[in-house]
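A closer look at the structure
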Amino acid sequence: MPWIGTTGSDLTTRATHRDWLMGEARGLIAFFQRESLNPKGGFFALDDAGDPLPPDAEGRQVRHLHETTRMVHCFALAHLMGLPGADRMIDHGMAFLASRHRDAEQGGWFWSVADDGPVDASKQAYGHAFVLLAGASAKVVGHPDADTLIAEATEVIRTRFWDDNAGAMTEEYTADWQPLGPYRGQNSNMHSTEALMAAFEATGDRMYLTMAERIASLIIDRHARAEGWRVAEHFRADWSVDRDYEGDPMFRPAGTTPGHALEWSRLLNQLHELGGRRHGWMIEAARALFLHTCEIGWDAARGGFYYTLDWNDRPGRSDRYWWPCAEGIGAAATLRQTGGDARFEEWYRRIWDFTARHLIDPRGSWHPELDDALAPVSRVFVGKPDLYHALQACLIPVLPATGSVSRGLAAMAEG
């Protein structure tokens, strides 16, 4: 593995590095703020240069629920950073969630919509997790509709998605709430954990914290531990691991996904802190997940995390995506801050070095995919699809590891 220098104090303690991180965060926000607001509601998806992507083959500008909600969340962070123009973006997204994504007749939020109505009217746990996150972030910045959004999202999650026997979220339903199959997914539960923690911080209601702890116990303490700190992605209705499942390459690829283990590592660290450090297994798991994933998921010769591995730890989809590096950065920073050894600092520097050389696009934002030669490609993603992961990678290292990004920025804004 190529040498990486670790001289001096940790990077996150250095003013010049922190300034660089905040500069990158401001640049990301500016890139997405410039052209993403759709005057007909919601937000445009952007091309490589930051301009709106053209309509699809049927002439539609399709807006997906997770994209709308993530923009609300990210511009709530921009508001807390004190960046002008953020409030307009938050309000625009909140209005679109209420008027277009929301199913006023049968409850919940449609997965995707266009100007003339739903495109995919299914109700997805993954999307609803981000609705709750958007509501929590909007509450932190004082949006007048935040409490309503949190209350509605909580009701739908509790009555439609939550499996109390398992302590986790079921997956997907038709518009009228008929189950679409027996599949259970790790990904939606991981983001539900993130959203539930944010809701707990925003409201003080410990119900959210308890739900988050139950999901983590099932997915990580039970299953990932049993799999040698590999995070199983796909489950049957009885929550047994389905190793043979292969679905959508963006959300449900076959095998294991190193980036999700890194993401869980950071979330477990946060959950451990929010819960008053009551559950020692969480910090044990957070550190084991990170170090094991770096061992099996990082390309030691060329750098970057493989997108997926098979169950023998061989590369499945060997392309490098941006978001595993973003999650690795956040995890390394928080684990080092909460008493981790020097390996976390070394990995923090190594991942940022790869990101700066290969993922950050001088035109703005990050390249979403690289091939084995580390050249940008568009096999699964088109244009610049995401602000959320890259922005949080820039902000998490400058904030306390005791809570969410919004909580840390809010404390910073107060003084």
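Structure's up top.
Residues numbered from 1 in each chain as written. Predicted model: local features only at pLDDT ≥ 70, side-chain atom pairs only at ≥ 80, totals over all residues. Heavy atoms only, no water.

Summarising the sheet, strand 2 (residues 112-114) and strand 3 (residues 117-120) pair through three bridges and their orientation is antiparallel. Pairing of Val113 across the sheet is with Pro118, part of strand 3. The antiparallel hairpin formed by strand 2 and strand 3 contains two residues in its connecting segment. (Pairing = 2+ DSSP bridges. Helix = DSSP H or I, 4+ residues; strand = E, 2+ residues; numbered from the N terminus.)

Now for helix 3 (residues 86-101). When the terminal C-alpha atoms of helix 3 are compared, their 21 Å separation across 16 residues agrees well with the 22 Å that a helix rising 1.5 Å per residue should span. On its buried face, helix 3 is in contact with helix 1 (15-35), strand 1 (63-64), helix 2 (65-81), strand 2, helix 4 (125-140) and helix 5 (146-161). (Expected span 1.5 Å × (residues − 1). Contact = heavy atoms within 4.5 Å.)

Moving on, we get to the packing of aromatic side chains. Overall, the coordinates contain 21 aromatic pairs when judged by the stated rule. Relative to Trp347, the ring of Trp298 has its centre 5.4 Å away and its plane inclined at 80°; by these criteria the two rings are edge-to-face. Here Trp298 is found in the loop between helix 9 (280-297) and strand 10 (320-321), whereas its partner Trp347 is found in helix 11 (residues 342-359), with 49 residues between them in sequence. Owing to a relative accessible area of 10%, Trp347 belongs among the buried residues under this scheme. Look at Tyr307 and Trp323: their rings are 6.4 Å apart centre to centre, the planes differ by 85°, and that puts the pair in the edge-to-face class. Residue Tyr307 is located in the loop between helix 9 and strand 10, and its partner Trp323 is located in helix 10 (residues 322-337); the two are separated by 16 residues in the primary sequence. The two residues Tyr307 and Trp323 agree in class, both being buried. Here the aromatic cluster, defined as three or more aromatic residues joined through ring pairs, consists of Trp111, Tyr126, Phe130, Phe251 and Tyr388. Between Arg243 and the ring centre of Trp311, over which it is positioned, the NZ or CZ distance is 4.1 Å. (Phe/Tyr/Trp six-rings, centres within 6.5 Å; stacked < 30°, edge-to-face > 60°. Buried < 20%, exposed > 50% of the residue type's maximum accessible area, 1.4 Å probe, protein only. Lys NZ or Arg CZ within 6 Å of the ring centre and 35° of its normal.)

Moving on, we get to the environment of Arg343. The residue Arg343 is located in helix 11 in this model. Once the C-alpha coordinates of Arg343 and Thr308 are considered, the two residues, 35 residues apart in sequence, prove to be 23 Å apart. Within the structure, Arg343 has its side chain in polar contact with the side chain of Asp341 (distance 2.7 Å). (Polar contact = N/O pair within 3.5 Å; in protein donor to acceptor, adjacent residues only side chain to side chain.)

This part is about the sheet that holds strand 2. Pairing in this open sheet of three strands is antiparallel, and the strands run 1-2-3 from one edge to the other. In this open sheet, the two strands that pair with only one neighbour each are strand 1 and strand 3. Contacting strand 1 and strand 2, helix 3 runs over the sheet at an angle of about 90° to strand 2. (Axes fitted to C-alpha atoms, helices over the stretch in contact; angles between N-to-C directions.)

Let us now look at the side chain of Glu171. Secondary-structure assignment places Glu171 in the loop between strand 6 (168-169) and strand 7 (172-173). Of the polar contacts made by the side chain of Glu171, one reaches the backbone nitrogen of Gly185; its length is 3.2 Å. At a separation of 2.7 Å, a polar atom in the side chain of Glu171 contacts the side chain of Ser188.

Here we come to the pattern of salt bridges. This model, assessed by the stated rule, comprises 34 salt bridges. Between Asp103 and Lys123 there is a salt bridge, and its shortest N-O distance comes to 3.1 Å. Of the two residues, Asp103 sits in the loop between helix 3 and strand 2 while Lys123 sits in strand 4 (residues 123-124), which places them 20 residues apart along the sequence. For the pair Asp103 and Lys123, a shared accessibility class is recorded, and that class is buried. Overlapping salt bridges bring together Asp299, Arg302, Arg320 and Asp372 as one network. (Salt bridge = Lys/Arg side-chain N within 4 Å of Asp/Glu carboxyl O.)

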